[in-house]
Amino acid sequence: MTFLRKLLGSLGSRPEKSKSFTNEGWAKSKRFIVMGKGGTGKTTISSALARALSSKGKDVLAVSLDPAHNLGDVLGCPLSSEPQKIHDRLTAFELDLDEQVQRFVEEKLRRMRPFYGNLQIFNADKLLETIKQSPGMEEFAVLEAIREISTFAEKCDAVVLDTPPTGMTVRVLSLPDITLIWIAELMKLRSNILDRRAYIQNIEGSDVETNPSNDPVMAELCRYKSEIESTKNFLLGEDSFIFLVLQADKLSVTETERTIKKLDSNGYAITACFINKALKVERRNFLYDSCGLSNLMKLYDKIPWIELPDLGRDISDPQNLLILGDIICNFLDAGDAR
């Protein structure tokens, strides 16, 4: 991505890091994946975390992957698909999903064309608009954007991903495993083709490539497998944290339960669930019981459930974001995140 190369240059000569955030400071870049039902406040949590981390001397990249972008609104700075400096240590941008899908499809067609250029039927440019609308294309484009971000992540101390609504995000997070299964099967199929080529070559004496290590199709499959494995590690690695944001209402609680189950089935551990705009104690217990949140918290008592207060004022104000962000950071400092 052009904007990430610009970001790489802007972070190339940064000063010595502060080590005041955790006990020993951060040795590696950390990734914070913030998920939640639309309207629960995940963008607010993402923004607050990004501002708080940057205020503690961390170089932070905040990214909105949600097609309904609000990250710039909360941060108080208009954002686009190019990186924008919010202040010295905080950079942010909003992914243009239509543009990302277009680039994703064009890049895949470019890579495929040399292998099938002899087939007249493979005139995919005429079908470009149809391919862009194919099921799953947006999810693959978002995964590709995450891969591109991951290649530059080590230049930052932290990457905060404000994700699309949970349904789409869960599909994106499940793609690495699904894709690796497909690649494994395609590699088996390609090996069988090469074996049959070798058999025909022995009979006819034809001069065709039969060695898998020299086969361009196998090389492309290996390259893509490596990319997907790297992206999976970026999302699932030990320096990756998944936060679920919810509010104390039945729809939000129900969706959170479904999300926990789906993420668990894909090998993703929830770092914490943030109950946004939590009520005072005297009203909280009745509300938690009535919407099913009490039962959910008991069912998943191994997950930390963190109550975030309703500040009761304009949360997009930088000072208010810092207050909320510090609450989140205090949780991380307590060591409960792992």
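Structure first, text after, so check above.
Residues numbered from 1 in each chain as written. Predicted model: local features only at pLDDT ≥ 70, side-chain atom pairs only at ≥ 80, totals over all residues. Heavy atoms only, no water.

Enquirer: Explain the overall build of the protein chain to me, please; I cannot follow it from the model alone.
Expert: Counting its regular elements, the protein chain contains 12 helices and 8 strands. Per-residue burial over the protein chain gives 48% buried out of 338 residues. The contacts in the protein chain between residues at least 6 apart in sequence include a share of 77% that link residues at least 24 apart. As presented, the protein chain carries roughly 17,100 Å² of accessible surface, and 52% of it is formed by carbon and sulfur atoms. (Helix = DSSP H or I, 4+ residues; strand = E, 2+ residues; numbered from the N terminus. Buried < 20%, exposed > 50% of the residue type's maximum accessible area, 1.4 Å probe, protein only. Contact = heavy atoms within 4.5 Å. Areas by Shrake-Rupley, 256 points an atom, 1.4 Å probe, with all protein chains shown as cover.)

Enquirer: Whenever I open this one, unusual backbone geometry confuses me. Can you help?
Expert: Negative phi characterises most residues that are not glycine, and trans characterises most peptide bonds. Not every positive phi belongs to a glycine, and K277 is a case in point at roughly 55 degrees. Mapped onto the fold, K277 is located in strand β7 (residues 272-278). Take K277: its relative accessible area is 46%, and that puts it in the partly exposed class.

Enquirer: Can you help me understand the nonpolar core in this one?
Expert: Ranked by internal contacts, the top residues of the largest apolar core, which has 57 residues, are L263, L293 and W305. Considering every element that reaches this core, the biggest residue donor is helix α7 (residues 166-204), with 8 residues. Dropping the residues within four chain positions of it, L293 is found in contact with L246, A248, V253, I275, Y288 and W305. Ranked by size, the runner-up nonpolar core spans 34 residues in total, among them A52, L75, I306 and I328. (Core = buried A, V, L, I, M, F, W, Y, C linked by side-chain atoms within 4.5 Å.)

Enquirer: Would you mind showing me how to read the sheet that holds strand β6 (residues 240-246) here?
Expert: By definition, the strands of a sheet pair up through backbone hydrogen bonds, in either a parallel or an antiparallel sense. With mixed pairing, the 8 strands of this open sheet are ordered in space as β3-β4-β2-β5-β1-β6-β7-β8. Two strands lie at the open edges of the sheet, namely β3 (84-87) and β8 (305-309), each paired on one side alone. Strand-to-strand twist across the sheet, computed as the mean angle between neighbouring axes with direction ignored, equals 25 degrees. Where β7 and β8 come together, 4 bridges link them in parallel fashion. For F274, the partnering residue across the bridge sits in β8 and is I306. (Pairing = 2+ DSSP bridges. Axes fitted to C-alpha atoms, helices over the stretch in contact; angles between N-to-C directions.)

Enquirer: Would you explain the packing of helix α2 (residues 42-55) against helix α12 (residues 318-333) in this entry?
Expert: Axes are the key here: two packed helices are described by the angle between their axes and the distance separating the axes. Between α2 and α12, the least distance of the axes is 7 Å, while the angle of their chain directions is 80 degrees. Taken as axis vectors, α2 and α12 run roughly perpendicular relative to one another. On the side of α2, the interface is formed by T44, I45, S47, A48, L49, R51, A52, L53 and S55, while α12 contributes P318, L321, L322, L324, G325, D326, I328, C329 and L332. Here the contact of α2 with α12 is built from residues that sort into 12 nonpolar, 4 polar and 2 charged. (Parallel < 35°, antiparallel > 145°, perpendicular 65-115°, else oblique. Nonpolar A, V, L, I, M, F, W, Y, C, P; charged D, E, K, R; others polar.)

Enquirer: How should the packing of aromatic side chains be read in this particular structure?
Expert: Here the distance between the centres and the angle between the planes together describe a pair of aromatic rings. Scanning the entire structure with this criterion turns up 5 aromatic pairs. Measuring from ring centre to ring centre gives 4.9 Å for F243 and F274, while their planes differ by 80 degrees; the resulting arrangement is edge-to-face. Taken together, the residues span a long stretch of sequence, with F243 in strand β6 and F274 in strand β7 at a distance of 31 residues. Judged by its relative accessible area of 0%, F243 falls in the buried class. (Phe/Tyr/Trp six-rings, centres within 6.5 Å; stacked < 30°, edge-to-face > 60°.)

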